[in-house]
Every structure is written in C-alpha cells, then in structure tokens.
2 protein chains.
Amino acid sequence: MRRTSIRVDPIVRATLIVAAAALLVSTAALAQTRQTAPPGVRASLAHMPPTEARVLADSKPNDWRALDPQNTLYMQLPAGRVVIELAPRFAPQYVANIKKLVREHYFDGLAIERVQDNFVVQWGDPDHSRSLGTAEKTLPAEFIASSKDVPFTPLPDPDTYAPEVGFAGEFPAARDSKIGREWLVHCYGMVGAGRDDDVESGNGSEIYAVIGHAPRQLDRNVALVGRVVDGIELLSSLPRGSGQLGFYTSRERRVPIESIRLAADVPPDQRSHLEVLRTYTRTFTALIEARRNRRDAWYKVPAGRIDVCNVPIPVRSH
Amino acid sequence: MRRTSIRVDPIVRATLIVAAAALLVSTAALAQTRQTAPPGVRASLAHMPPTEARVLADSKPNDWRALDPQNTLYMQLPAGRVVIELAPRFAPQYVANIKKLVREHYFDGLAIERVQDNFVVQWGDPDHSRSLGTAEKTLPAEFIASSKDVPFTPLPDPDTYAPEVGFAGEFPAARDSKIGREWLVHCYGMVGAGRDDDVESGNGSEIYAVIGHAPRQLDRNVALVGRVVDGIELLSSLPRGSGQLGFYTSRERRVPIESIRLAADVPPDQRSHLEVLRTYTRTFTALIEARRNRRDAWYKVPAGRIDVCNVPIPVRSH
C-alpha cells in the first residue's frame, strides 16, 4: 500500500465526494505517469503555483526519509498502533529515559488516564504503583535548546508567540536568533513529558499528546519529546474524561496500553514502514507555499499566510 | 448544578489530581463566600494579576448572558445534545435558512457523515434524497461583513492571518479597520455551512464544526454561522471516517441525528440553561490577560501573548 497523508481541506457538500475521490485517484495516477502527462497539464502549471497534491505527486524519492528505528516508538492500543518519532536533539535526557522505561517494559499494562477535549491525551501510571526501574526519577528542564546544527526552514509569516517559527529538522519549532535559542512548539500531534510544578520533576513516565488547537502557552514550559507520525486518530477520538482536567473517573474508562516498544526492538517484518518528507527540501518549501496560497478551485481568498501548526509534515507508507 | 468551563491547562502528573480537584473546589467555595475570605488572600491579589479561576470566581451576574432561544440550536445525537449558538449578525440569510430547515425538521433522521481528524465534523444528507422544503437552494456569500455595530474586544498580540483579531459580540472574529470589514474566524468549535466551488452554492443543509487546530485558511472563504457552546466533545470524539476527506465509507458508520430543534421550539423545562460570559466585560478582558500571562504555579515562562483561538468563551449552566 502506498498512502500519502495529503490533507484536502475544502468543506464540500457530499455531492462532490465522488469527484474528489476521482481527482485524488487521478493525481496518484499522474504521479506514476507524469512523464507522459498531456502537454496541456504541464503548460498550465507554468501559469500558477502548483497545488499540494501536485507538489507531493512531483516529489522525488530522496525528499523522503525512513523513520530511525532507534528513535521511533510503537504504542499498541486495543484499537491499533500509534507511531511516535522521538526528538533526541531537543530533549536528549528525556528521550534516553523514555527509551530506558520502554526497554524495561514500564508502560506495558499501564493506561491512558486523561483525555481533555481540545487539549491533550495523557498516559502513564494512574495508580502510582509501578517502579521506574533503572530510569532517572527526575531530569533537567530540557525546554529550550541552544540553536541546533540542523537545517531550520523558516516560515515567512508572523507568529503570535515567537520571533520566528518553522521547522527544525523533523519538528515544528521556534527560534530566537538574537539569543541563539530554539525550542519545539506545541502543534497538534506533538508529544511531551508531564511534570509537577518543579521544572525538574519530570522523568518521561507520564506522556501527553496534543489533540486540540495548539496550546502554545506550554512552549518553553515543558519538555516536548517527539511527535505522533501515525495513528493520532486513535488518541484524538477517545472518549473525553469527565473528571477535572479530563481524567477518567473510573478505572473501567481507562484505555489499556498493551505495550510500548522501540521500533528497533520489533522484528523488521512487524514494523510500520513509514517515510516522512524532509523539511529542508524544495518539495517541502513548495508544499508550504501551496498551503499559504491554495490554488484548489474551492478557495477564493488564498490566505497568503500560514501558521506553523497548519503545515503538516507529510507521512507515507512504503 | 453549577458548571463553569474553566480550562485548567497544566500537564500534571497524576499525583497532582487530587490536589487540583481540591483547588477547584476551594475556588468554587471562594466564589460563594469571598466576602468573608481571609484578608491575606485579598492582599496577595494586589501583588499579581489574578488567575483565570480567580477572575471567573469574581465575575458578576451581569457579566453573563443567557442564550437567546431564537438563535440557539439543539442537535440531539444518540450520545447527547450539542448546543449551537447562531450568528445572525454575520450570516443573516444562512441563519434564516438553517432555522427554516430546522423548523421543517429537515435534519431529523439525517446523519453525521464525515469526521476528518484535526479538521471538521460534517453533517447533512449523504444520500441527497431529501427535499429542502421551502428553504432557499442557494444563498449569497456571507463570508465577510461590514463592520458591525457590536462591541469588538481586540487582542493586543499579532495574528498570523489578519490585521486584527478579537471578539465581535459573541464570537471570535477578525477585522480590517482600513476597509471597515469584519469576519468570523475558524476557531475550534466554530460552525459553518458547506458549499461547492461556486461561492453561492451553499444553503445551510450541510453543516460542519471545527474539531482541530484552527483551519484559518477557510476564513473569508465560507460562511461561519455559529459556535458550539456545549457538547463539542460529542462531535470531536467520534470515530474518524476512513474515506477521502474523512467521510464514512459505509452507511452503518454514520452517526444518526435524532433531531435538530430551535431552542425556542422546545418546552422551557427541556431546554439547556446555559450562560455565556459577555466578551465586552472587564471580566473577559481580565480573563484574556490571565491567559496571556499564566500565574498558576505550574507556568514558569508566561507566554505574554495569546492567539484568538486560545481564548475560550466561558459557558456555565445555571
């Protein structure tokens, strides 16, 4: 199966669905046969920037990268697998501790305990009964980093919260060049590690994923450790908790975690074979532009701007 | 029951929950007894801006308004009631047409047909078999309005998409004072009317609600007709559709709509008794400030900024 997470956004009436599906099919077909696409199609491209679908169809194999099994987690829920890419460059000690917890099977049999609408899903040990094993009990506050020796693809538009936003390596990020600092930002699907009031009280045993409008007020206040690259809908569609902060009020409501594994520890034939578009490629830059100014027939007033959390990083299976 | 939709945001470890619940209870108690609160509490307020919980606890009865039954919809789903406040000042013809459809029971027995993760839930007539009755088949594009004779509470921070954002009457909105234009913006929970490519092809028979990061690229491209003020979690937690654009691929997956009614047509004892905080009050302004700079013990780096879609309009039952 070849699946590309193209987001097609228009609010269509249902009558359009067949046509839309046909369009996607034809786009996919074009991707495979574009050497022989009719001249008219190529000529029309010269007159306007391409759409998202066209940009992705025109991407090259090298624009994509496979996930690193040493920095990829599989969370197995009753409904399926959630795939998380870790961010060791931004939260090295958190990531190392989470990997230690995972390798000692800390999360197996624990639960999703909190689902707060338009905010986060959180999982860990609601009964506080499990030992952290050899993992650290507290960690330094890895909330803001020195500017990284990784490509930063900036967005041209103003951001409400930070001097500059864009993509640092694999993740949406902000930076302040004046002080040489970068930090990951809380877009939909980003994964972080809970803490108590003390900034050094976290250890990666309580983890959350953003399932609502980006809670950017959390930026620089907590360690972001990665991003859900596949299966976010298994988290975002869970029943909301009825307790304070969205915690489930009864044990029965909790969603059991069958296991969390490092991809490298899973036999190759059982791994998810996912590729992520590299953010420092011309293809990704073209994708940003296609989303800043939509050329689909449905859009009449292209925004001309884009929020960092409205640029999904495409993922496909291979 | 007195319920206030205070959003308490910190990513806490589960150990904090009992304490957090106790704090909320004590805040509620303070709201009822603040005349006799210890002097130390009042004195401490002089030294720092109040928290959100304090702002809401200190609100006055007149800061709140009841929903207008003539502009409130109840969508009855198997799981419960979704309450939608309509926006006649911004989309008068759409709202009138939707009310006509509702009063002729157009939606009863139809279905939620589309749930696209991090985007929208959409409902209407997936089989295209039902008559629109006496409702209009097409409507003018009510996407942008002349500046309204309603209070506009601006936010002080830059917005990625618009020259100025804030709250126009009951809704999050943007404005461009130079050209005297205002428009509603696509925050989480906002409700709009689908259309085909033609901007005048909509009629309010296909409706969507935003359940993800604000898709602000839709602003000025489609008619926003209101906002979900209660029950959004009944929409946001639905299973995602597996078809293109998140449409359900089989009839069985669709979520039936038992009925949609205008609150005014429902017997008073069966109505939802909800109050919404007025957005042009000092209380709301103080709430914005409390969210721009969080004073909760958990926050160490107050953002000092806020995005219009990160300011929820508080709702409570009475």
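Residues numbered from 1 in each chain as written. Chains lettered and ligands numbered in written order. Predicted model: local features only at pLDDT ≥ 70, side-chain atom pairs only at ≥ 80, totals over all residues. Heavy atoms only, no water.

**Focus on the overall build of chain A**
When you go through chain A residue by residue, the secondary structure sums to 6 helices and 18 strands. Split by element, the accessible area of chain A, about 12,800 Å² in all, is 52% carbon and sulfur. (Helix = DSSP H or I, 4+ residues; strand = E, 2+ residues; numbered from the N terminus. Areas by Shrake-Rupley, 256 points an atom, 1.4 Å probe, with all protein chains shown as cover.)

**Some thoughts on the interface of chain B and chain A**
Taken together, the contact between chain B and chain A spans 70 residues of the former and 70 residues of the latter. Buried surface at the junction of chain B and chain A, both sides included, amounts to about 6,400 Å², of which 56% is carbon and sulfur. Inspection of the region where chain B meets chain A yields 0 salt bridges. Across the contact surface, chain B and chain A share 28 residue pairs in polar contact (both at pLDDT 80 or more). Where the side of chain B that touches chain A is concerned, the elements lending two or more residues are helix 1 (17–33), strand 4 (111–115), strand 5 (120–124) and helix 5 (232–236) of chain B. The element contributing the most residues to the side of chain B that touches chain A is helix 1 of chain B, with 4 residues. When the residues that make up the side of chain B that touches chain A are grouped by side-chain class, the tally is 34 nonpolar, 16 polar and 20 charged. (Contact = heavy atoms within 4.5 Å. Buried area = accessible area lost by both parts, 1.4 Å probe. Salt bridge = Lys/Arg side-chain N within 4 Å of Asp/Glu carboxyl O. Polar contact = N/O pair within 3.5 Å; in protein donor to acceptor, adjacent residues only side chain to side chain. Nonpolar A, V, L, I, M, F, W, Y, C, P; charged D, E, K, R; others polar.)

**So, the pattern of salt bridges**
Residue and element names in this part refer to chain B. Enumeration over the complete set of coordinates arrives at 32 salt bridges over all chains. The salt bridge involving D127 is made with R251; its shortest N-O contact spans 2.9 Å. Of this pair, D127 sits in the loop between strand 5 and strand 6 (145–146) while R251 sits in the loop between helix 5 and strand 14 (255–256), and the two are 124 residues apart along the sequence. The exposure class of D127 is partly exposed, given its relative accessible area of 34%. One salt bridge connects R292 with E289, and the closest N-O pair in it is separated by 2.9 Å. (Buried < 20%, exposed > 50% of the residue type's maximum accessible area, 1.4 Å probe, protein only.)

**Considering the state of the cysteines**
Residue and element names in this part refer to chain A. According to the stated counting rule, one finds 2 disulfides over all chains in the structure shown. The partner cysteine of C187 in its disulfide is C309, sulfur to sulfur 2.0 Å. Its S-S torsion of approximately -80° makes the covalent link between C187 and C309 left-handed. Of this pair, C187 sits in the loop between strand 11 (181–184) and strand 12 (190–193) while C309 sits in the loop between helix 6 (282–292) and strand 18 (315–317), and the two are 122 residues apart along the sequence. Since its relative accessible area comes to 5%, C187 is described here as buried. (Disulfide = S-S within 2.5 Å.)

**Digging into the relation of the copies chain B and chain A**
The two copies are related by a screw operation: chain B maps onto chain A through 180° of rotation and 0.0 Å of translation along the axis, at an RMSD of 0.0 Å. What the superposition gives is, in effect, a two-fold axis relating one chain to the other. Of all interface residues in chain B, 100% are interface residues in chain A too; the two copies therefore contact each other through one and the same surface. (Least-squares fit on C-alpha atoms with pLDDT ≥ 70 in both.)

**A look at the packing of aromatic side chains**
Within this structure, the stated rule accounts for 6 aromatic pairs over all chains. With 5.0 Å between their ring centres and 80° between their planes, W298(A) and Y299(A) make a pair best called edge-to-face. Comparing W298(A) with Y299(A) shows no difference in burial state: the two are buried. Sitting above the plane of the W183(A) ring, R220(A) keeps its charged end 4.8 Å from the centroid. The residue whose ring lies beneath R316(B) is W64(B), and the NZ or CZ to ring-centre distance is 4.1 Å. (Phe/Tyr/Trp six-rings, centres within 6.5 Å; stacked < 30°, edge-to-face > 60°. Lys NZ or Arg CZ within 6 Å of the ring centre and 35° of its normal.)

**A look at the sheet that holds strand 1 (residues 64–66) of chain B**
Strands belonging to one sheet form pairs held by backbone hydrogen bonds; the direction of such a pair is parallel or antiparallel. All names here are of chain B. As summarised here, the arrangement of the 3 strands in space is 1-16-17, forming an open sheet in which the pairing is antiparallel. Two strands lie at the open edges of the sheet, namely strand 1 and strand 17 (315–317), each paired on one side alone. The sheet shows a mean angle of 35° between the axes of neighbouring strands, taken without regard to direction. (Pairing = 2+ DSSP bridges. Axes fitted to C-alpha atoms, helices over the stretch in contact; angles between N-to-C directions.)

**Notes on helix 6 (residues 282–292) of chain B**
Each α-helix winds once per 3.6 residues, and so residues spaced three or four apart point in a common direction. Taken as a whole, helix 6 of chain B has its buried residues at T283(B), F284(B), L287(B), I288(B), A290(B), R291(B) and R292(B). Tucked into the core, helix 6 of chain B has its buried residues touching helix 3 (52–57), strand 7 (152–154), strand 8 (164–168) and strand 16 (274–277) of chain B.

**Digging into the environment of N293(B)**
Residues and elements named next belong to chain B. Locating N293 in the fold gives a position in the loop between helix 6 and strand 17. With a relative accessible area of 15%, N293 lands in the buried category. With residues up to four places along the chain from it excluded, the contact list for N293 reads P302, A303 and G304. A polar side-chain atom of N293 sits 3.0 Å from a polar atom in the side chain of E289.

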